[in-house]
Amino acid sequence: MPDNGVILDNHLEEHHDHETIYFPSGFLWGASTSAYQVEGNNTNADWWYWEQTHQPPEKWSGQACDQYNRYEQDFDLAKQLGHNAHRLSIEWSRIEPKEGEFNQAEIDHYKKVLKSLKDRELTVMLTLWHFTLPKWVADKGGWESGQTPQFFERFVKRIVPEIGVFVDFWITLNEPGVYIYETYIERAWPHSKKSWIGQAKTFLNLTSAHKKAYKYLHSVYPVGKPVGIANNILSFESYHKHSVTEQVAVSLNDLFANHLFYFFTHGTHDFLGINYYFHVRFRSGSFIAERRDMMQTHDISDMGWEVYPEGIYQVLTDLADDIPIYITECGIASTNDDRRNRFLISYLQEVARAIKGGVNVRGFFYWSLLDNFEWHLGFEPRFGLVEVDYEVLAKEQELRKSTTSPYKTQSRKIRPSALVYKDIIQNNGIPHSLLRFIGHTVRAEEVLEKRSKETEKEMIQPEVLGKGQKEIPEETEKTA
Ligand code: NOJ
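Quick caveat, the model's predicted, so the values are computed rather than measured.

1. Notes on the overall build of the protein
Now for step 1: Helix and strand content of the protein: 17 helices and 12 strands.
Now for step 2: Compactness check: the protein gives a C-alpha radius of gyration of 23 Å against a globular reference of 23 Å for 480 residues, within 12% of the reference.
Now for step 3: In terms of overall dimensions, the protein has a C-alpha envelope of 80 × 65 × 45 Å along the principal axes.
Now for step 4: Here the protein holds 480 residues, and the buried ones make up 43% of them.
Now for step 5: Of the contacts formed within the protein by residues at least 6 apart in sequence, a portion of 79% connects residues at least 24 apart.

Here it is, written out as structure tokens:
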């Protein structure tokens, strides 16, 4: 302390330290994808048939991002962007296209995919079921049928010994609650119908499938390869503090959406995998007014989803347990990348706050590595750290038919937010100067340039960009 008697200076220093907010050592940093959303041409899946009968052609998954063929380049990007982990899924309908018939060529393909992640020294988190079913399973009743957990178990027992060596974390199921919601309540997904019984059966069969897979995985790997699910967790709030109706709505929704699956599968989770996207405020009798107020006062994504960083803090502190937590998905659909920067920094700040408060969070996977097929909404929502230019992709595919030259990657373009994320990863923390992003209309180039001077190294170098790219995109839209 300077011996000049000016306490105020010291006081200011204490409260204005420009320190980096650090994450625990060994923290996993990465991005998530799922097979059907990025691979392309999953012609044996139930979704493939459903799209063609229920969706306009522009919303068919088609070649998606063609990652089936371009996985090496995409994993190069993840590596170049500093990620130390990656979450992805395998497509059951490729591996078992007909009942009981397993396709060895596809199994070998996935071995190559997973090995190429390992070759890049990425920790692998693998999802065994991410929303799609082989068509033959769907024809036999899908998750409503009591046979499906057994089919799933057979699939798991066949594939795990082949690929297990490359996997560090297993996710048995992705978002069982969302699957049920989209199928039976929103009725926007395959096999949609109104059926409370069907819904209950599906729920129970999903819990049974998870338990079977958990038991089997633990019999093969008693330790060292943790097993869990990726669960969509929402933050709920009441608008009026003293409204009993609203409080009841909060409690019931929290119970059903956030806790029920864990309740039915107690003791079969080595970690909690949390996908966080939604904040819901209950306001008695006034859903429309609430939505209008929210849209006027909050940042929203291109899908109309509220940006609510405190929500991730709330769900983390609420679920904190004696097992580790991984944020298996969190991201924003936006063509405005400045908005993604703001999203990333403000959400990660809240994650850091939860960790500081004692919550055992050990990793963060941004959704998604690249723009991809957003289910019934097609390709419009843009979640990627890496932009996919689908028109260029289509041209590349055309070219590909007439030449044997390697796949071109011009269809991928790194967004500035990917470099902001990289900066965080390299620091294993949020350097103070990145907090500027929380302000509105802060442009990435400006901050990144300043950061690169601060760290006395070039943050934006050609070699951090994907092959075929020379510079980061100049234009990011201004914040609305
Ligand atoms: C969670 C799902 O797992 C994923 O498939 C989806 O694309 C994202 N949410 C964004 O909606």
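2. Topic: the environment of Leu-385
Now for step 1: Take Leu-385: it is sitting in the loop between β9 (361-367) and β10 (386-388).
Now for step 2: You can call Leu-385 buried: it has 28 C-beta atoms within 10 Å.
Now for step 3: Distance from Leu-385 to Arg-340, taken between C-alpha atoms, is 8.7 Å for residues 45 residues apart in sequence.
Now for step 4: Contact partners of Leu-385, with chain neighbours within four places excluded, come to Ala-31, Leu-81, Tyr-366, Leu-369, Arg-415, Ser-417, Ala-418 and Tyr-421.

3. Considering unusual backbone geometry
For residues other than glycine, phi is negative in most cases, and the peptide bonds are mostly trans.
Now for step 1: For the bond from Trp-367 to Ser-368, the omega torsion is 15°, close enough to zero to count as cis.
Now for step 2: Along the polypeptide, Ser-368 turns up in the loop between β9 and β10.
Now for step 3: Phi is positive for Phe-131, close to 80°, though the residue is something other than glycine.
Now for step 4: Mapped onto the elements, Phe-131 comes out in the loop between β4 (123-129) and α7 (135-139).

4. Regarding helix α3 (residues 46-54)
Every α-helical turn comprises 3.6 residues, leaving residues that sit three or four positions apart pointing alike.
Now for step 1: The complete set of buried residues in α3 reads Asp-46, Trp-47 and Glu-51. Take α3 and look down its axis: the buried residues cluster within an arc of 130°, on one side only. In α3, the exposed residues that point more than 90 degrees away from the buried face are Gln-52 and Thr-53.
Now for step 2: Residues of α3 that are buried make contact with α2 (35-38) and α7.

5. Digging into the packing of helix α13 (residues 309-319) against helix α14 (residues 337-356)
Now for step 1: Interaxial distance between α13 and α14 falls to 8 Å at its minimum, and their mutual angle equals 25°. On the basis of the axis angle, α13 is roughly parallel to α14. As α13 runs across α14, the sense of the crossing is right-handed. In this structure, α13 uses Pro-309, Glu-310, Ile-312, Tyr-313, Leu-316 and Thr-317 to contact α14, whose residues at the interface are Ser-346, Tyr-347, Gln-349, Glu-350, Val-351, Arg-353 and Ala-354.
Now for step 2: Across the contact of α13 with α14, the residue classes tally to 7 nonpolar, 3 polar and 3 charged.

6. Thoughts on helix α6 (residues 104-119)
Now for step 1: Counted at 1.5 Å a residue, the expected span for α6 with its 16 residues is 22 Å, and the 22 Å between its end C-alpha atoms agrees.
Now for step 2: Restricting attention to buried positions, one finds in α6 the residues Tyr-110, Val-113, Leu-114 and Leu-117. The buried residues of α6 occupy one face: seen down the axis, they fall within an arc of 85°. Facing away from the buried surface of α6 by more than 90 degrees, the exposed residues are Gln-104, Ala-105, Asp-108 and Lys-112.
Now for step 3: Check the buried side of α6 and you find it contacts α4 (67-80), β3 (85-89), β4 and α8 (148-163).
Now for step 4: Note on α6: the residue one or two positions beyond its end, Glu-121, has a positive phi of about 60°.

7. Description of the sheet that holds strand β5 (residues 169-174)
Now for step 1: Strand order in the closed barrel formed by 8 strands is β2-β3-β4-β5-β6-β7-β8-β9, and the pairing between neighbours is parallel. Strand-to-strand twist of the sheet, defined as the mean angle between neighbouring strand axes without regard to direction, takes the value 30°.
Now for step 2: The pairing of β3 with β4 spans 5 bridges and is classified as parallel. Note that in β4 the partner of Arg-87 across the bridge is Met-125.
Now for step 3: In the packing of α14 onto the sheet, contacts are made with β8 (325-330) and β9, and the angle to β9 comes to roughly 165°.

8. Structural notes on the packing of helix α16 (residues 416-427) against helix α17 (residues 444-454)
Now for step 1: The interhelical angle for the contact between α16 and α17, taken along N-to-C directions, is 35°, at an axis separation of 10 Å. For the crossing formed where α16 meets α17, the hand is left-handed. Contacts from Pro-416, Ser-417, Leu-419, Val-420 and Asp-423 of α16 reach α17 at Ala-444, Glu-445, Leu-448 and Arg-451.

9. Topic: the nonpolar core
Now for step 1: Formed by 110 residues in total, the largest nonpolar core has its most connected members in Leu-126, Ile-327, Val-351, Val-420 and Tyr-421.
Now for step 2: Here the element with the most residues in this core is α14; it accounts for 7 residues.
Now for step 3: When neighbours within four sequence positions are excluded, Ile-327 is seen to be in contact with Ile-274, Tyr-276, Val-351, Val-361, Gly-363, Phe-364 and Phe-365.

10. Describing the environment of Asp-66
Now for step 1: By the secondary structure assignment, Asp-66 is in the loop between α3 and α4.
Now for step 2: Asp-66 sits in the buried class, given 22 other C-beta atoms within 10 Å.
Now for step 3: Separated by 339 residues in sequence, Asp-66 and Ser-405 have C-alpha atoms that sit 16 Å apart.
Now for step 4: Setting aside its immediate chain neighbours within four residues, Asp-66 contacts Gly-40, Leu-393 and Gln-397.

11. Let's talk about the pairing of strand β7 (residues 272-282)
Now for step 1: Within β7, 8 of the 11 residues are buried, which leaves it mostly tucked inside the rest of the structure.
Now for step 2: With 8 bridges joining them, strand β6 (residues 227-238) and β7 adopt parallel strand pairing. The partner of Ile-233 across the bridge, within β7, is Tyr-276.
Now for step 3: With 4 bridges connecting them, β7 and β8 associate as parallel partners. Residue pairing in the sheet places Gly-273 in a bridge with Tyr-326 of β8.

12. A look at the confidence of the model for the protein
Detailed reading of the predicted coordinates is not advisable wherever pLDDT falls low.
Now for step 1: For the protein, mean pLDDT is 90; residues scoring 70 or higher make up 91% of the total.
Now for step 2: Confidence over residues 458-480 falls short of pLDDT 50; this stretch has 46 contacts with residues more than four positions distant or in other chains.

Cut-offs applied
Residues numbered from 1 in each chain as written. Predicted model: local features only at pLDDT ≥ 70, side-chain atom pairs only at ≥ 80, totals over all residues. Helix = DSSP H or I, 4+ residues; strand = E, 2+ residues; numbered from the N terminus. Rg over C-alpha atoms; globule rule 2.2 N^0.38 Å. Buried ≥ 20, exposed ≤ 12 C-beta atoms within 10 Å, placed from the backbone. Contact = placed C-beta atoms within 7 Å. Arc of directions from axis to C-beta. Axes fitted to C-alpha atoms, helices over the stretch in contact; angles between N-to-C directions. Parallel < 35°, antiparallel > 145°, perpendicular 65-115°, else oblique. Left-handed = near helix turned anticlockwise from the far one by under 90°. Nonpolar A, V, L, I, M, F, W, Y, C, P; charged D, E, K, R; others polar. Expected span 1.5 Å × (residues − 1). Pairing = 2+ DSSP bridges. Core = buried A, V, L, I, M, F, W, Y, C linked by C-beta atoms within 7 Å. pLDDT = per-residue confidence, 0-100.

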